[in-house]
Amino acid sequence: MESINAKYVSQKISKTRWKPVSYSTLQQPDVFATGSWDNENNKISYWSIGNHGSSGMDDGFEGDPQLLCEHKHDGDVLDLQFLDQDRIVTASSTGAVTIFRHHQNSQTVSVSKHWARAHRYPCDNAPCTGVVCSSPEIVTVGEDGRIIVFRADQEGVTRVIAAPIHAVTYLRTTEILTVNSIGQLKLWDFRQQSNSPSQILSLSGDRVPLHCVDRHPNQQHIVATGGQDGMLCVWDVRQGNTPFSLMEAHSAEMWEVHFHPTNPDHLFTCSEDGSLLHWETSSQSDVPSFLQGGRNNSMMSRSAMAPAGGNQSLISAWLSGDSSKGRLETTHMLPSQTLSVNSLDVLGQCLVCGTDGEAIFVNRQVPV
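Residues numbered from 1 in each chain as written. Predicted model: local features only at pLDDT ≥ 70, side-chain atom pairs only at ≥ 80, totals over all residues. Heavy atoms only, no water.

### A few points about the overall build of the chain
Then comes step 1: The helix and strand inventory of the chain stands at 1 helix and 30 strands.
Then comes step 2: Considering only contacts in the chain between residues 6 or more positions apart, those separated by 24 or more positions represent 54%.
Then comes step 3: Accessible area of the chain: about 14,900 Å², with a carbon and sulfur share of 46%. (Helix = DSSP H or I, 4+ residues; strand = E, 2+ residues; numbered from the N terminus. Contact = heavy atoms within 4.5 Å. Areas by Shrake-Rupley, 256 points an atom, 1.4 Å probe, with all protein chains shown as cover.)

In structure tokens, the structure reads:
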């Protein structure tokens, strides 16, 4: 726990995301963005964990996040994703979708583009619950039961599909995955004119609401989800219509699940129960995990795409059914918490999370 820095920020943090870094420089991320919720005035904020005048970790304040700049945000920030180095996209409880631009020279933030009431009911706003980006494309989902496709370089909406959804992620460049409140995982192919999902997978038995989804960065058919019961589900979208593995993870709702973007034998989850777990599966390969699989994107970020490929041992490790529990190590990443851990992001050896305890936690020595 000694490598964790806590910053108390006087606002409930709903989302945290690292700014993408260049693969070629091998640098660790040092800037992240946060969004707040359930506050009188919500904000998006940029923070730095770069060294400020000294290089050691001995100083108790060294490594503490330093506020760079912030901007008012109308409504709760229900999701936040980087579009590129300078722009982030937010999903609002007001139904709006907004692109903010970070001006690094002046350390200011401005609104670059705003789609007010993108998600709406006939007589009221509908919260926009999720956003995923593959620049210049932006895909959002909302409580109005719609998937909306935007382009950052266009004013209007590109496509609308009716579907009740909680969260969304890219599977491949032209395909997205969504999860919903009746335990379903749906695959949508934007190459098809049809507005129906190309594949539906679902939990068997009780239809537990699913809240979050992420796909393996190198083996896109491997998908992890979490939901209301706190269970971690691992799916293989190539075969079967039910989860491959079910693992007890948290005692309350799981809010986010993320594979490590370059070391995908590591996975992270956070929950309403106040915990953040690091999952590590043993890989029977002599090839270091950071060499497994390929990538076709010059940036590392939560939205980065990677081609299929990679080491087969990872497939067997994540998709070995319930017996995989014997080869999984789980580690609690935070001191004892009582309030919800709403969001996390991991990049390189750096992890950041935000809580309802009005705190941001940063760990710059994640063992991956």
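### Let's talk about the pairing of strand E23 (residues 254-259)
One face of the sheet, then the other: side chains in a regular strand alternate in exactly this way.
Then comes step 1: With 5 of 6 residues buried, E23 is to be regarded as a mostly interior element.
Then comes step 2: Here E23 pairs with strand E24 (residues 266-271) via 5 bridges, running antiparallel. By the bridge assignment for E24, Phe259 is matched with Leu267.
Then comes step 3: Hairpin geometry of E23 and E24 is characterised by an intervening segment of 6 residues between the two adjacent antiparallel strands. (Buried < 20%, exposed > 50% of the residue type's maximum accessible area, 1.4 Å probe, protein only. Pairing = 2+ DSSP bridges.)

### Quick word on the pattern of salt bridges
Then comes step 1: Counting across every chain of the model gives 13 salt bridges.
Then comes step 2: The partner of Glu256 in a salt bridge is Lys15, with the nearest N and O atoms 2.6 Å apart. Here Glu256 is found in strand E23, whereas its partner Lys15 is found in strand E2 (residues 13-18), with 241 residues between them in sequence. Each member of the pair, Glu256 as well as Lys15, carries the same accessibility label: buried.
Then comes step 3: With its nearest N and O atoms 2.8 Å apart, the salt bridge here joins Asp189 to Arg191. (Salt bridge = Lys/Arg side-chain N within 4 Å of Asp/Glu carboxyl O.)

### Describing the side chain of Thr34
Then comes step 1: Residue placement: Thr34 occurs in strand E4 (residues 31-36).
Then comes step 2: Taking relative accessible area as the criterion, Thr34 reaches 1% and is therefore assigned buried.
Then comes step 3: Within the structure, the side chain of Thr34 is placed 2.9 Å from the side chain of Trp47, a separation counted as a polar contact.
Then comes step 4: Excluding its chain neighbours within four sequence positions, the residues that come into contact with Thr34 are Ile13, Lys15, Thr16, Lys43, Ile44, Ser45, Trp47, Leu80 and Ile360. (Polar contact = N/O pair within 3.5 Å; in protein donor to acceptor, adjacent residues only side chain to side chain.)

### Focus: the sheet that holds E23
Then comes step 1: Sheet architecture is open: 4 strands sit in the order E23-E24-E25-E27, paired in antiparallel fashion. Lying at the two open borders of the sheet, with one neighbouring strand each, are E23 and strand E27 (328-332). With strand direction ignored, the average angle separating the axes of adjacent strands in the sheet is 20°.
Then comes step 2: As defined by bridge partners, strand E25 (residues 276-281) adjoins E27 across 5 bridges and the pair is classed as antiparallel. Among the inter-strand pairings, Glu280 is bridged to a residue of E27, identified as Glu329. (Axes fitted to C-alpha atoms, helices over the stretch in contact; angles between N-to-C directions.)

### A word on the packing of aromatic side chains
Then comes step 1: This model, assessed by the stated rule, comprises 4 aromatic pairs.
Then comes step 2: Considering the side-chain rings of Phe32 and Trp47, the 6.4 Å spacing of their centres and the 15° angle between planes classify their relative orientation as stacked. Here Phe32 is found in strand E4, whereas its partner Trp47 is found in strand E5 (residues 42-48), with 15 residues between them in sequence. With respect to class, Phe32 is no different from Trp47; both count as buried. (Phe/Tyr/Trp six-rings, centres within 6.5 Å; stacked < 30°, edge-to-face > 60°.)

### Thoughts on the sheet that holds strand E8 (residues 87-92)
Think of a sheet as strands paired side by side through backbone hydrogen bonds, with each pair either parallel or antiparallel.
Then comes step 1: The strand order across the open sheet built from 4 strands is E7-E8-E9-E10, with neighbouring strands paired in antiparallel fashion. Strands at the two margins of the open sheet, each flanked by one partner only, are strand E7 (77-82) and strand E10 (108-115). Strand-to-strand twist in this sheet, taken as the mean axis angle between neighbours without regard to direction, amounts to 25°.
Then comes step 2: Pairing geometry for E8 and strand E9 (residues 97-103), over 5 bridges, is antiparallel. Residue pairing for E9: Val89 is matched across the bridge by Ile99.

### Remarks on the state of the cysteines
In protein structure, a disulfide is the covalent linkage between the sulfur atoms of two cysteines.
Then comes step 1: Going through the model one piece at a time under the given rule, you end up with 0 disulfides.
Then comes step 2: Cys212 takes part in no disulfide bond, and the closest cysteine sulfur, belonging to Cys270, lies 7.5 Å away. (Disulfide = S-S within 2.5 Å.)

### Thoughts on unusual backbone geometry
Then comes step 1: For the peptide bond that leads from Ser135 to Pro136, omega is 5°, which places it in the cis range.
Then comes step 2: Unlike most non-glycine residues, Ser10 shows phi in positive territory, near 60°.
Then comes step 3: Within the element layout of this structure, Ser10 appears in the loop between strand E1 (4-8) and E2.
Then comes step 4: Backbone geometry at Arg117 places phi at a positive 50°, although glycine is not the residue there.
Then comes step 5: As for its position among the elements, Arg117 is in the loop between E10 and strand E11 (128-134).
Then comes step 6: The class for Arg117 is partly exposed, based on a relative accessible area of 35%.

### With respect to the side chain of Asp189
Then comes step 1: Note on placement: Asp189 falls in strand E17 (residues 184-189).
Then comes step 2: Within the local environment of Asp189, its side chain forms a polar contact with the side chain of Arg191, the two groups lying 2.8 Å apart.
Then comes step 3: Apart from the residues within four sequence positions on either side, Asp189 is in contact with Thr174, Glu175 and Ser198.

### Describing the confidence of the model for the chain
Then comes step 1: Looking at the chain, the pLDDT average stands at 85 and 84% of residues meet or exceed 70.
Then comes step 2: Every residue in residues 52-60 is under pLDDT 50, and counting partners more than four places away or in other chains gives 9 contacts. (pLDDT = per-residue confidence, 0-100.)

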